[in-house]
Each structure stands twice: as structure tokens, then as C-alpha cells.
Amino acid sequence: MSGDLLIRGGTVIDPASGIHARRDVLVCDGNIAAVSEKIDNEGAGGATVIDAQNCLVLPGLIDMHVHLREPGYEYKETIETGTQAAVAGGFTTVACMANTDPVNDSAAVTEYIRERAKAAGLARVYPIGAVSKDLKGEQLAEIGEMHCAGIVAVSDDGMPIMNGGLMRHALEYTAMFGLPVIVHEEDRSIAADGVMNEGAESLRLGLKGIPSAAEEAMVARDLALLARTGGRLHIAHVSTAGAVELIRAAKRRQSPVTAEVTPHHFSLTEAAVAGYNTHAKMHPPLRAEHDVEAVRRGLADGTIDAIASDHAPHHRDGKEVEFDRALNGVVGLETTLALALRMAEEAKIPLDVVIAAMTVNPARILGLPLGTLAPGATGDVTIVDPTRRWTVQASRFRSKGRSTPFEGMELQGQAIVTIVGGRVVWRAEGA
Amino acid sequence: MPFTHRHMLGLEGVSKEELLYLLDTAKSFKEISERNIKKVPTLQGKTVVALFYEASTRTRTSFEIAAKRMSADFVNLSSATSSVTKGETLLDTARNLAAMRPDAIVIRHPASGAPHFLAARLECPIVNAGDGAHEHPTQAILDLLTIRERKGRLNGLTVAIIGDILHSRVARSDAFALNALGSSVRFVGPPTLLVPELRAWGDVTTDLHEGVGDADVIIMLRIQLERQGKNFFPTVDEYSRYFCLTQRAVARAKPDVIIMHPGPINRGVELASDVADGPYSVIMEQVTNGVAARMAVLYLLINRPREADIEAESGTQAATEAEAATPRLRRRVG
């Protein structure tokens, strides 16, 4: 097929295959056909050559936690703009949360999301279904029906499940389908009406605090439930040192738990809130220095499996208000990769570990046949120029969401070509 | 050092010299209120808008009198009568007001940082008349003025602040200023209304008698009656059993102790009636000084020389934080 691609001269990092070396990659008929030291033009059979010298050639990146806002909040983001942002950020696959309007608690909504994603034709979109009907935390949603329609996990993200009995049954019931339960861990009675991390900064700013214990209490509860229920637990956006420690101990006991961290939680502290910066308001909140260090260590030692953006676009009106009233969340699809590379360098975490956290690990958690460049695998590839310097300018995002705490930051490393199923869906300026 | 801030958002980061300049200015205005005709033309032709999103009689009236004694026009917008109740956002309300070219906006708001939000978006000077649980700078200035009148100094004093520290904007402003001036602060209250991080600003105790021991100044805070519904303490009765300032407790302080309260007082709850009305109480002096303090703040902000703009660019933390555009980044030191 004339659409075949030969990616030549790059450094392949494919943690799933244990490869970190200079390799040529041939993509034929939408799949990875060959990965070897040298593939010449004849071997490539007239494939289009992409020069990847001085670039990293990665399995298509997977962001397992985004909010695409469609249906219902198209003024914040649509599946089309969200997947434009995804491929521009190097992501070939995203999994989208259920807090749309209507909530994704039925096969109809799941199917709608998949159809819209197909029509957009950019990144792969895997819907995550609600745990409870209408995210109310009362009654289980029809998880089996959504499973048939194509969900890859269930989550009431944004609405922590206070009802421990419901949580228990969710873990038990999803085991039948092999679906992970993705949890936003916060005891809402402890967090109360807090708006930022509780500590010296919240005291100074006079803002109501959310103590680390709000997250840790729920992590502890769910890990305890997991011991008997079966099922798989995936802890979203881990933000505190105590939560990392609880997960580490659970993994030592072989508990079926996995976890993710966001770029803002491994890059920033609560100090970013100074001046009542609503672009630093998110849930869970930015924490203290030692928490940032702990999530980085957790990522380094495998306690935390995945890096996920928690891309949460809002209309600017939702952020141009008093801090107490500002909506939670920031966009992340277009900054995650560079922030991950920056963090890897700062924290001296091997690149393979960081890339695994954005490819094979989320693929395994969600049960996707993706996240590797092994011959025969789906032809999703992200080519990254790790030296390309750029400045974060929200006004240039493809996402409709413009709220980022990283505005003006100088970053290094950018996806210059993004390939989904053998098709180039993104090419950066000048690449 | 003169006071050259563009806004009065809080006292955090305001230097000792600036505070003393503010106090000297306030002192010089006090005399106006003693005159037979209590009006000077200092701010004639200037307009001060008060935007109050919380009920307030004392502070609003104090600002109004301050503005009018300097011949400024004072326009009062309280949330009950304004478009706020019609769902207009703070930004829209403020932009509309700013379009009418006021010379200062005085704002009280239940959300911490609301004045900073306006300051980052409007040209006009913003005066914080109390924002959430953050700061109440003019209250602290009048407190300092009162303390200096009685004690003759503002350094080396022991000041006990008693009550709902966690939610108190008065406690924060007083503590920032007193620390800058070289006095030491003690925070006293039930453990639910104290946090460990307070130790960075002063001593912390839950024992009233220990807290007032040898104090030069006692600042009582008003206890919000609605806190009892949120389990910060069981009942107001039980709160007052442990934290009501009685004659017996006052006896532990220095003999010349003064007792202050930002008002309004819950008699018999945080302050025993005989103490409130007793010889140590300087509560009415605080009210008098409030007018002078607010006159000073309005005067300094409205008459601020243009060239001060340049100086303020490299000014103190409070000024720069306020003036920074919202999307700003505190980079983690990596």
C-alpha cells in the first residue's frame, strides 16, 4: 500500500520489547512490519521515508485520563478539538472520563463517543464508563452494557465514591468483565469545602485547605476493600507522599492495584497558587515539595505505573473568577510529553521508565493491544525531537481549553510526527 | 520610606518603614476628626466606590466617613442592592464600575483573594476591606495606631490574639504587621481553629491563661456563631468556658495591658461584659482610629505620585503579587 512509512535513523524506545537503540521502523498496512538496525529502500518497498535522525521513535503515546467534554460541554472541548490536542501532544490514544452531560453511564453515550471519535479520525478514543448512575455514588451503572459497547474501565472521576459499600460492589462486579475501577481518592467529608492543599500556603492565603489525609484515607479504604473483592483498582492522579507509600506497600503484597500521576503533580507545588492563580486550581490540589518528590520516586520505582494528563478543559469564564469559585482542572495534552521529559532529567529517572508510563503501562492497565512497536503491533508511532525548545503559550493550543499553570514556561522536546494506524495525523511546523 | 503601593491588599510583605509611614500619616489625619468642622478638601473631586459583598456596618461606615472628611464622593454598593444578586460576575461588576472612573474601589468579599483578582485587572487603586479569611489591612493599621498611642512603641511587645485564628483575616493582618515591626505574637484558641503552620508566625497555645500571661496587648476575635454547626467546637457555651476573656484571665497579663476587639462583640461569649467596658478596654479608641487609618490609606493611594509607578515595579512582595497577571507560574526549584 502506498501509505507505507519508513521511519529512518531514530532512536527507538520501546519498553515493551526492551529496545532502546537506533532502529529503523517500517509501518505497512497500518501495522508495524519491521524494526531493525537498517531497512533500505528496497526492503521498504517504496514506503514514504520519514527522517527521524536525532529523534526518539516511540510507541504511540497513551493518555489514560482525559476529559473530552462531549457530549454536553462542547463549549469547553469537543472530541474533535480534544483529539487534535492529543495528536499535537504526541498522543495516539486517549481514554476519556464519564463526566459528560449526559453522563457516560449507558451504552448509548459510549457508542456516541466512539462514533464522534471515529468521525474526527485523529487519536483513538476509549470511553471510560461511570461506576454509578449519573455519577451520584448511589447505584451501579449498567457496566455490562457499557462493556459490550466498548468501555475500557469505569470511573466516577471528579466525584469520589464516599459510599464504601458501593465501592466494594463495584470492585466485585467489574471483576466479571476484567475492567479496572479508576478512582479519584478523596474523602469529601475531610476535604469539606477546601480549595487548595492544606498547609503553610493555605494559611497564608486564607484559603480553605484540603489535607493530604483526605486522599490517603480513601486510598487506605479502597486498598482494604481490594483484599477480598477481586477486581482491579487504578488510583488516578496520586498527589501525596502518604498515598504513594500506601500503594507501594499494597504492591509489595501483590495487591492488584495500579496508579497514575499527572504532570502538574510531579512538576509543581502549592506555591503555584500564590497570587490566587486559578490556573493552579485542580483536584486533587497541588501539594507540597515532599509530595512532589514522593510521586517522582514512586514513578521511578514502579509504584506509580502511568503518567496521565487529567486534561480538563474549561471555558475561560470558569477560571476568570474568585479563587473559591473557580473550576478545578487544567489542560495537559499538549504539555505532558515535554514535562515528562523535563522531570525525567531533573529526577534522573531513566527515559525507558517514563516512556513505559505513557505507553505499555497504560495499555496493560486498560487491556489495550497497543503501546509497543513490536512487529505485528498496530502502527501507532510518536516521533519526538527531544532537543526542540518551545515556550508554552495557551493561545496556541489546539484544545479549546486555555487554562494551564505552565504558561510561559520554556520546555524542551516536542512530538514532531504522530502516526495512528500507519497514518500521519500530526506533523509539527518545520518537521 | 514613603508608602508607594498601588493598592492596599494586605500587610504581608509591607515593610516596617512603610507601616510606620502609614501610621504617621494616619496620626496626622486624626486631628481633622477633632475639629468643629470635620472636613478638609484633600480629596475633593475624587470618587471612592465601596463594593461590599458581605454585611458590614462598622467598616463601611468608617470608610465612608474617612472619604467624606477628605471631601471625596463616596458611592456605596452593597451586594443586596446591586447587580451581584442578579448573577453578574465580580469581574463584570468591577469592569463596569471601573468604566465610571472611580479613584479608588474599596471591596469586602467573602472569597480570599477577591481584591487581588480586581487589582490584577483594573487600573484603579483597590483597598481590601476584608477578603475571606485572608487579610483586613485597614483593621490592622487601626490596631497598630491604637497600640502605639497607648504603648508608645510597636517593637518588643507581646501580643496575644485569641479566638478563631484559622478563619480570621484580622489575625493574619495583625500578625504580619506585628512581626514586621518586631513584636511577638501569641495565638490562642481551640485546636480546631489553630493549625501547626501558625508556629512560623508566633507561639501557639490552647490555654487562655498561658496565652495572656504577661501580654502587653490582647486582641480578641469575634467568634462566628455558625462555627458550632461545623464541629469546630461543640457549643458557644463550651467555647466561652475556655476562651472567654474574663477579669481573672486579664489579671495574668501585664498590669498595663490593653484589650482590643475588631467588633462587633459577642458579649459573654469571647469577651466578658465587665472586661469589654472595663479600664483596659480600648475598643472605642480603635473605632475612632479606624477613620484616621482609612483616611490615610485612601489619601496615600489616591494621591500616589505617578513616578511611584516605576518604583513599585520592583516593590515589595505584596505589591508584585497583586499586580502580576493571573496566569503566572511559580516554578518548582528542580
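Residues numbered from 1 in each chain as written. Chains lettered and ligands numbered in written order. Predicted model: local features only at pLDDT ≥ 70, side-chain atom pairs only at ≥ 80, totals over all residues.

### Regarding the overall build of chain B
To be explicit about the condition: The secondary structure listing takes helices from DSSP runs of H or I that are at least 4 residues long and strands from runs of E that are at least 2 residues long, numbered from the N terminus. Buried means a residue has 20 or more other C-beta atoms within 10 Å of its own C-beta, exposed means 12 or fewer, and partly exposed covers the counts in between; C-beta atoms are placed from the backbone. Here the contact rule is simple: place C-beta atoms from the backbone, and any two residues whose C-beta atoms are within 7 Å are in contact.
Broken down by element type, chain B carries 13 helices and nine strands. For chain B, with 334 residues in total, the buried portion stands at 49%. If you take every contact in chain B between residues at least 6 apart in sequence, the share linking residues at least 24 apart comes to 75%.

### Some remarks on the overall build of chain A
Test applied: Taken over C-alpha atoms, the radius of gyration is set against a globule rule of 2.2 Å times the number of residues to the power 0.38.
Per the secondary structure count, chain A includes 14 helices and 18 strands. Its C-alpha radius of gyration of 21 Å places chain A within 12% of the 22 Å reference for a compact globule of 431 residues. Counting only C-alpha atoms, chain A reaches 65 × 45 × 45 Å along its principal axes. Long-range pairs, those at least 24 residues apart, make up 75% of the contacts in chain A between residues at least 6 apart in sequence.

### Here we look at helix α2 (residues 79-88) of chain A
All names here are of chain A. Counting buried positions over the 10 residues of α2 gives nine, a clear majority of the element. Buried within α2 are the following residues: Ile79, Thr81, Gly82, Thr83, Gln84, Ala85, Ala86, Val87 and Ala88. The inward-facing, buried residues of α2 abut β6 (61-66), β7 (91-96), α3 (107-120), β8 (124-127), β17 (410-420) and β18 (423-427). At the exit of α2 stands Gly90, carrying a positive phi of roughly 95°.

### What about the packing of helix α2 (residues 58-69) of chain B against helix α11 (residues 283-302) of chain B?
Residues and elements named next belong to chain B. To keep it simple, the criterion reads: As a rule, the C-alpha atoms of each element are fitted with a line to give its axis, helices using only the stretch in contact, and angles between N-to-C directions run from 0 to 180 degrees. Orientation is classified from the angle alone, with under 35 degrees giving roughly parallel, over 145 giving roughly antiparallel, 65 to 115 giving roughly perpendicular, and any other angle giving oblique. We call a crossing left-handed when the near helix sits turned anticlockwise from the far one by less than a right angle, and right-handed when that turn is clockwise. The nonpolar class holds Ala, Val, Leu, Ile, Met, Phe, Trp, Tyr, Cys and Pro. Asp, Glu, Lys and Arg form the charged class, and all remaining residues, Gly among them, are polar.
At a minimum axis separation of 8 Å, α2 and α11 run at an interaxial angle of 60°. Considered as vectors, α2 and α11 are oriented oblique to each other. In terms of crossing hand, the pair formed by α2 and α11 is right-handed. Along the contact surface, α2 presents Ser62, Phe63, Ile65, Ala66, Ala67 and Arg69, while α11 presents Gly290, Val291, Arg294, Met295 and Leu298. The residue makeup of the contact of α2 with α11, split by class, is seven nonpolar, two polar and two charged.

### As for the sheet that holds strand β6 (residues 184-188) of chain B
All names here are of chain B. Stated precisely, the cut-off is as follows: At least two DSSP bridges between two strands are needed for those strands to be called paired.
Spatial ordering of the open sheet is given by β7-β6-β5-β8-β9, a layout of five strands whose pairing is parallel. Looking along the sheet, the strands with just one partner apiece sit at the ends: β7 (203-205) and β9 (258-260). Adjacent strand axes in the sheet meet at a mean angle of 20°, parallel and antiparallel pairs treated alike. As judged from the three bridges shared by strand β8 (residues 217-220) and β9, these two strands associate in the parallel manner. What sits directly across from Ile218, in β9, is Ile259. With respect to the sheet, helix α6 (residues 169-181) is in contact with β5 (158-162), β6 and β8, its orientation differing from that of β5 by roughly 170°.

### Description of the confidence of the model for chain B
Low-confidence regions, as indicated by low pLDDT, have predicted coordinates that should not be scrutinised in detail. All names here are of chain B. Rules: On a range of 0 to 100, pLDDT expresses the predictor's confidence in each residue.
On average, residues of chain B carry a pLDDT of 90, and 89% of them reach 70 or more. pLDDT under 50 marks residues 313-334. Its contacts with residues more than four places away, or in other chains, come to 52 contacts. Overall fold confidence (pTM) sits at 0.93, and the ipTM for the predicted complex is 0.90.

### So, the domain arrangement of chain B
Residues and elements named next belong to chain B. Note the cut-off: Domain extents, as shown, originate in an automatic or database domain assignment.
Each domain of chain B was delimited in the assignment, giving domain 1 (16-135 + 290-323) and domain 2 (137-286). When each unit is reduced to the centre of its C-alpha atoms, the spacing between domain 1 and domain 2 is 26 Å. Of all the secondary structure elements, the ones that give two or more residues to the side of domain 1 that touches domain 2 are α1 (16-30), β4 (126-131) and α11. No other element matches the six residues that α1 contributes to the side of domain 1 that touches domain 2. Broken down by class, the residue content of the side of domain 1 that touches domain 2 amounts to nine nonpolar, five polar and six charged.

### Regarding unusual backbone geometry
Across the junction of A:His283 and A:Pro284, the peptide omega takes the value 0°, indicating a cis bond. Residue B:Gly263 is joined to B:Pro264 through a cis peptide bond whose omega torsion reads -10°. Looking at the secondary structure, you find B:Pro264 in the loop between β9 and α10 (273-276). Positive phi, close to 60°, is recorded for A:Asp134, a residue that is not glycine. Its location among the elements puts A:Asp134 in the loop between β8 and α4 (143-149). Located in the positive-phi region is A:His237, a residue other than glycine, with phi close to 20°. With 24 C-beta atoms packed within 10 Å, A:His237 lands in the buried category.

### Some details on the domain arrangement of chain A
Residues and elements named next belong to chain A. Domain parsing of chain A yields domain 1 (5-57 + 377-427) and domain 2 (60-366). Facing the 31 residues of domain 1 at the interface are 42 residues of domain 2. Counting residues per element, the ones that place at least two in the side of domain 1 that touches domain 2 are β16 (381-391), β17 and β18. Of the residues belonging to the side of domain 1 that touches domain 2, the class tally is 16 nonpolar, 10 polar and five charged.

### Here's the deal with the nonpolar core
This is how the line gets drawn: By convention the nonpolar core is taken to be a set of buried residues drawn from Ala, Val, Leu, Ile, Met, Phe, Trp, Tyr and Cys and joined through C-beta atoms within 7 Å.
Counting residues in hydrophobic clusters, the biggest one holds 244 residues, and the most contacted among them are A:Ile383, B:Ile161, B:Ile218 and B:Leu298. With residues up to four places along the chain from it excluded, the contact list for B:Ile218 reads B:Ala160, B:Ile162, B:Val212, B:Leu245, B:Ala253, B:Val257, B:Ile259 and B:Met260.

### A short note on the interface of chain B and chain A
At the junction of the two partners, chain B supplies 28 residues and chain A supplies 30 residues. Where the side of chain B that touches chain A is concerned, the elements lending two or more residues are α3 (90-99), α4 (114-119) and α6 of chain B. Looking at the side of chain B that touches chain A element by element, the count peaks at three residues for α4(B).

### Quick notes on the pairing of strand β3 (residues 104-109) of chain B
Residue and element names in this part refer to chain B. Burial analysis of β3 places six of its six residues in the buried class, which makes it a mostly covered element. Because side chains alternate across β3, one face comprises the buried residues Ala104, Val106 and Arg108, and the other comprises Ile105, Ile107 and His109, equally buried. The pairing of strand β1 (residues 47-52) with β3 spans five bridges and is parallel. Each residue of the ladder has a partner; that of Val49, found in β3, is Ile105. Here four bridges tie β3 to β4, and the two strands are oriented parallel to one another.

### Regarding the sheet that holds β6(A)
Residues and elements named next belong to chain A. Strand order in this open sheet of three strands is β6-β7-β8, and the pairing throughout is parallel. One side of each edge strand has no neighbouring strand; the edge strands of this open sheet are β6 and β8. Averaged over all pairs of adjacent strands, the angle between strand axes in this sheet comes to 20°, irrespective of strand direction. Helix-sheet contacts for α2 involve β6, β7 and β8, and the interaxial angle to β7 is about 135°.

### Notes on the environment of B:Gly213
Among the structural elements, B:Gly213 can be located in the loop between α7 (208-212) and β8. Remark: the alpha-carbon pair of B:Gly213 and B:Ala251, spanning 38 residues in sequence, is separated by 8.5 Å.

### Side note on the environment of A:Ala117
Residues and elements named next belong to chain A. Mapped onto the elements of the fold, Ala117 is located in helix α3. Looking at Ala117, the number of C-beta atoms within 10 Å reads 23, which means it is buried. Spatially, the C-alpha atom of Ala117 lies 34 Å from that of Arg22, the residues being 95 residues apart in sequence. Non-local contacts of Ala117, meaning those with residues more than four positions away in its chain, are made with Ile79, Thr83 and Val125.

### A few points about the packing of α2(A) against α3(A)
Residue and element names in this part refer to chain A. For the pair α2 and α3, interaxial distance at closest approach is 9 Å and the crossing angle is 60°. Overall, the two elements α2 and α3 adopt an arrangement that is oblique. For the element pair α2 and α3, the recorded crossing hand is right-handed. From α2, Ile79, Glu80 and Thr83 reach across to α3, where they touch Ile113, Arg116, Ala117 and Ala120. Here the residues of the contact of α2 with α3 sort into four nonpolar, one polar and two charged.

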